[in-house]
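# Examination of the molecular architecture
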Amino acid sequence: MRVILAPMEGVVDDLMRDILSTINPYDLLVTEFVRVVDQLLPEKVFLKLCPELLNGGKTPSGTPVRVQLLGQEPQCMGDNALRAIELGSHGVDANFGCPAKMVNRSKGGAVLLQYPDSIHDIVRAMRQAVPSEQPVTAKIRLGYEDKSLFMENALAVYEAGATELAIHARSKVDGYKPPAYWEYITEVRKRLPIPVIANGEIWNSDDAKRCIAVTGCDSIMIGRGAISLPNLADTIKTGATPYTWAQTLGLMLSYTQRELSGRKSDYYPARIKQWFSYLNRQYPEADTLFRELRIYKTTEEIVRVLERTQGMLQQ
């Protein structure tokens, strides 16, 4: 069974990928999307979002990373797919699932699920541009306003020559509200001869087992669950014990030290509060601590609270 870390815009950057791949046996990590409009992007754009390209396309712990592209113009998507591969990406992925209004207004992401022919043309252009030995993959939702085109979109990806397909088992309108409709993935998996990756509402190892049982897939993709329980992939693949709150808090402080020494230190307060919004699901202690630190706006105040809390846990 493969476990893949989902692309999460504004959440899973290179630092988070590094931290999570160090403590989990991920088979693959997918980047936040590279936005493609109407031109071949310079190398620096790819390197900013995926600095692992300077390390053979792998994290420091050796996990392969795949660049994801988001756009609507086939030729440009093909050109940029080839550039990603030439820079060292382990395959290239197309985003047809992003529900963000700004992205959809510019005809990118999930809005394309209304137009299977456009999805086909984009994937086909990427496939034709990229060497045959390199994977060309796509991630879709079940639809935009409804799920009526879920099979047409899946077939469009396959018939365009994609290597595999990841499906987030909700429509754009569903957003992230439970449940995930895994039974639709089952239908696609039975119809398509390429591997299908199941995604949606996998928060623990039991969810993963149920998802695999329902869909018949041997590959899953985890997103919000991977942030909510930092060693989720390890619990799924090896049966490891879920991280305790003390272990997770220690991981957050390690993240803090590295974030503050990096290029995004100005964003630290927002990023750490964002992480707490996911941790609240798994750890009651996270909710209690967040109620205390959410009033603070400076890095120094937040770090002081985290360090004090860790000290109390260690007593």
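Each chain carries its own residue numbering, running from 1 in the direction its sequence is written. Predicted model: local features are reported for residues with pLDDT of at least 70 only, side-chain atom pairs are reported and counted for 80 or more only, and whole-chain, interface and lining totals are derived from all residues. Note that the side-chain values use all heavy atoms of the structure and ignore hydrogens as well as water.

### Some thoughts on unusual backbone geometry
- Cis geometry is adopted by the peptide bond preceding P179, which originates at P178 and carries an omega value of 5°.
- Mapped onto the fold, P179 is located in the loop between β6 (164–171) and α7 (182–191).
- One non-glycine residue, E201, lies in the positive phi region at around 60°.
- Numbering goes from the N terminus for both helices and strands, where a helix is a DSSP run of H or I of at least four residues and a strand is a run of E of at least two. Positionally, E201 belongs in the loop between β7 (196–199) and α8 (205–215).

### Quick word on the packing of helix α11 (residues 245–260) against helix α14 (residues 299–314)
- Here α11 crosses α14 at 150°, and the two axes come no closer than 10 Å. Relative to α14, α11 is oriented so that their crossing is left-handed. Each of W245, A246, L249, G250, L253, T256 and L260 in α11 lies in contact with α14, whose residues at this interface are T299, V303, L306, E307, T309, Q310 and L313.
- By the convention adopted, Pro, Cys, Tyr, Trp, Phe, Met, Ile, Leu, Val and Ala count as nonpolar, Lys, Arg, Asp and Glu as charged, and the other residues, Gly among them, as polar. Looking at side-chain class alone, the contact of α11 with α14 contains 8 nonpolar, 5 polar and 1 charged residues. Here, axes are lines fitted to C-alpha atoms. For helices the fit covers the stretch in contact, and angles between N-to-C directions go from 0 to 180 degrees. Rotating anticlockwise by less than a right angle from the far helix to the near helix defines a left-handed crossing, while the corresponding clockwise rotation defines a right-handed one. We call two residues in contact when some of their heavy atoms are within 4.5 Å.

### Details of the side chain of R66
- As for its position among the elements, R66 is in strand β3 (residues 65–70).
- For R66, the contacting residues outside a window of four places in its chain are L28, L29, V30, T31, S89, H90, G91, V92, D93, P135, T137 and E164.

### So, the nonpolar core
- We define the nonpolar core as a collection of buried residues of types Ala, Val, Leu, Ile, Met, Phe, Trp, Tyr and Cys that are connected through side-chain atoms lying within 4.5 Å of one another. Note on exposure labels: buried denotes an accessible area under 20% of the residue type's maximum, exposed denotes more than 50%, and partly exposed covers the range between, all computed with a 1.4 Å probe on protein chains only. The biggest cluster of nonpolar side chains holds 97 residues, and the ones touching the most others in it are L69, F96, I222, F276 and L306.
- Setting aside residues no more than four positions away along its own chain, L69 makes contact with V34, V36, F46, M77, N80, A81, V92, D93, A94, N95 and M126.
- Counting 7 residues, the second-largest nonpolar core is a separate cluster that includes I4, L28, V30 and A166.

### A look at the environment of P179
- The class of P179 is partly exposed, set by a relative accessible area of 44%.
- Here the alpha-carbon distance between P179 and A166, two residues 13 residues apart in the chain, equals 17 Å.

### Looking at the packing of aromatic side chains
- Paired rings are identified among Phe, Tyr and Trp, the last through its six-membered ring, by centres lying within 6.5 Å, and are further divided according to the angle between planes into stacked (under 30 degrees), edge-to-face (over 60) and tilted (the rest). For the structure shown, the criterion picks out 6 aromatic pairs.
- Residues W245 and Y283 carry aromatic rings whose centres are separated by 5.6 Å and whose planes lie at 45° to one another, so their mutual orientation is tilted. Of the two residues, W245 is situated in helix α11 and Y283 in the loop between α12 (268–279) and α13 (284–293); the sequence distance between them amounts to 38 residues.
- The buried category is assigned to W245, whose relative accessible area is 8%.
- When its relative accessible area of 5% is taken as the criterion, Y283 is described as buried.
- Three or more aromatic residues joined by ring pairs make a cluster, and in this case those are W245, F276, Y283 and F290.

### Considerations on the pairing of strand β5 (residues 136–143)
- Burial runs high along β5: 8 of the 8 residues are buried.
- By the convention used here, strands pair only if DSSP detects at least 2 bridges between them. Note: strand β4 (residues 92–96) against β5, 5 bridges, orientation parallel. Bridging from a neighbouring strand, V92 pairs with V136 of β5.
- The handedness of a crossover follows from its direction of travel: if, with the strands pointing away from the viewer, the path from the first strand over the helix to the second runs clockwise, the crossover is right-handed. Between the parallel elements β5 and β6, the chain passes through helix α6 (residues 150–159) in a crossover that is right-handed.

### As for the pattern of salt bridges
- Salt bridge, as used here, is a side-chain nitrogen of Lys or Arg placed within 4 Å of a carboxyl oxygen of Asp or Glu. Under the counting rule described, the total for this entry stands at 12 salt bridges.
- Of the charged contacts in the structure, one is a salt bridge between E201 and R224, with a shortest N-O distance of 3.1 Å. Note that E201 is positioned in the loop between β7 and α8 and R224 in helix α9 (residues 224–228), a separation of 23 residues in sequence.
- One salt-bridge network, held together by shared partners, links R2, R66 and E164.

### Structural notes on the sheet that holds β6
- Judged by pairing direction, the barrel is parallel, and its 8 strands sit side by side in the order β1-β2-β3-β4-β5-β6-β7-β8 before closing back on the first. Strand-to-strand twist across the sheet, computed as the mean angle between neighbouring axes with direction ignored, equals 30°.
- Relative to β3, strand β2 (residues 28–35) is paired through 5 bridges, and the arrangement is parallel. The residue of β3 that forms the bridge with L29 is V65.
- Together, β1 (2–5), β2 and β3 form the strand contacts of helix α1 (residues 14–23), whose direction differs from that of β2 by roughly 170°.
- Here helix α3 (residues 74–87) sits on the sheet and contacts β3 and β4; the angle it forms with β3, its principal contact strand, is near 165°.

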